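# Residue-level structural notes
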Amino acid sequence: MTHLSADAGQQVFHQHRNLLFSVAYRVLGSAADAEDAVQDAWIKWSAADRSQVTDPKAYLTRIVSNLALERLRSTRHKRETYVGPWLPEPILTGGDAAEAVTDAESVSMAMLVVLETLSPLERAVFVLREVFDFSHAEIAEAVERSEAAVRQAAHRAREHVRARRPRFTADRSRQRDVTERFFAAATGGDVNALMELLSPDVTLWTDGGGKVRQALRPVVGAQTVAAWFAAIGTVTYQGVEPSDMNAELVEINGGPGMVFNGLGRVIATVTFDFDADGRITAIHNVANPDKLQAVADGTAHDMGTQ
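One structure accompanies this document, and this report is about it. (Residues numbered from 1 in each chain as written. Predicted model: local features only at pLDDT ≥ 70, side-chain atom pairs only at ≥ 80, totals over all residues. Heavy atoms only, no water.)

## Thoughts on the pattern of salt bridges
If you walk through the whole model with that rule in mind, you get 15 salt bridges. One salt bridge connects Arg71 with Asp40, and the closest N-O pair in it is separated by 3.1 Å. Here Arg71 is found in helix H3 (residues 56–80), whereas its partner Asp40 is found in helix H2 (residues 31–47), with 31 residues between them in sequence. A relative accessible area of 27% places Asp40 in the partly exposed class. (Salt bridge = Lys/Arg side-chain N within 4 Å of Asp/Glu carboxyl O. Helix = DSSP H or I, 4+ residues; strand = E, 2+ residues; numbered from the N terminus. Buried < 20%, exposed > 50% of the residue type's maximum accessible area, 1.4 Å probe, protein only.)

And the structure:
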């Protein structure tokens, strides 16, 4: 391959930027950290001897995977000492991820919560193998481990995810329909309508990060969860009166979700997990202001894996 000029190098990087963010975000569960990893990858790419690079896409993906893995290790402690449940940082999605169910599933809040329970190495290996279809040899090079270690990590991660994340998906139109009905019932304060949409043992996870008042433990059971949401339109939430709050339906992390806004800021996002019948089994509510920047920015990310 001939030496890439600085301009050509920039063009190549830009061409793969979406993919690099897609990898880093799935490994890190944080849009801000993923952007930092992509930025660091750009610095490394700029300084690299690109005449030696035969496959820029593979080379860049390896760099960003390695950077994301390092970053995940260094942020681990912060997550372990976090106040209340730690949820991933939500992102607005659009583009092809909505079409490709596997892409959407792999970036869903529910999947990212499961990935959070893996070791950093297992998580990086799982994402590269199961989502991006890298060979064990390519992953070994990216994470600087032996191929045998990578195979072992891939096996452990796959078993772990399979045990916690059964492979079923209610079809997307059904998910959207249930979300729309939930939205109408929550904003209308209709407890009975909410109850019909919830699985009896539904779990609500709320992440306020100690910055805003939220439930520090999961809220379990249809009755309690329905009451929690029905109250939204009647109580002041984070200093915002119900009359100053508005909610909208958007696509978040590859599926239908809700964003609550008030007084010029994003207050919270809500996403859902469904069983095979389309009933809501889990609700993830992110209200930590530090985690709402990516949604507030309004950029819809294409989380495709190509």
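Back to the text.
## Things to note about empty space enclosed by the protein
Scanning all chains against the criterion turns up two cavities of 30 Å³ or more. Approximately 60 Å³ is the volume found for the second largest cavity. Forming the boundary of the second largest cavity are Trp228, Ile232, Tyr237, Met245, Phe260, Ile267, Ala268, Val270 and Asn285. Partitioned by chemical class, the residues of the lining of the second largest cavity number eight nonpolar, one polar and no charged. (1 Å grid on protein atoms, 1.4 Å probe; cavity = no way out; pocket = protein on both sides within 12 Å on 5 of 7 lines; lining within 4 Å. Points joined across faces, edges and corners; volume = space filled by probe spheres on them. Nonpolar A, V, L, I, M, F, W, Y, C, P; charged D, E, K, R; others polar.)

## Quick look at the packing of helix H7 (residues 136–143) against helix H8 (residues 147–164)
Helix-helix packing is described using two parameters, namely the angle between the two axes and the distance between the axes. Where H7 contacts H8, the two axes come as close as 8 Å, and the packing angle between them is 105 degrees. With respect to H8, the element H7 is oriented roughly perpendicular. Across the interface between the two elements, His136, Ala137, Ile139, Ala140 and Val143 of H7 pack against Glu147, Val150, Arg151 and Ala154 of H8. Of the residues that constitute the contact of H7 with H8, the class distribution is six nonpolar, one polar and two charged. (Axes fitted to C-alpha atoms, helices over the stretch in contact; angles between N-to-C directions. Parallel < 35°, antiparallel > 145°, perpendicular 65-115°, else oblique. Contact = heavy atoms within 4.5 Å.)

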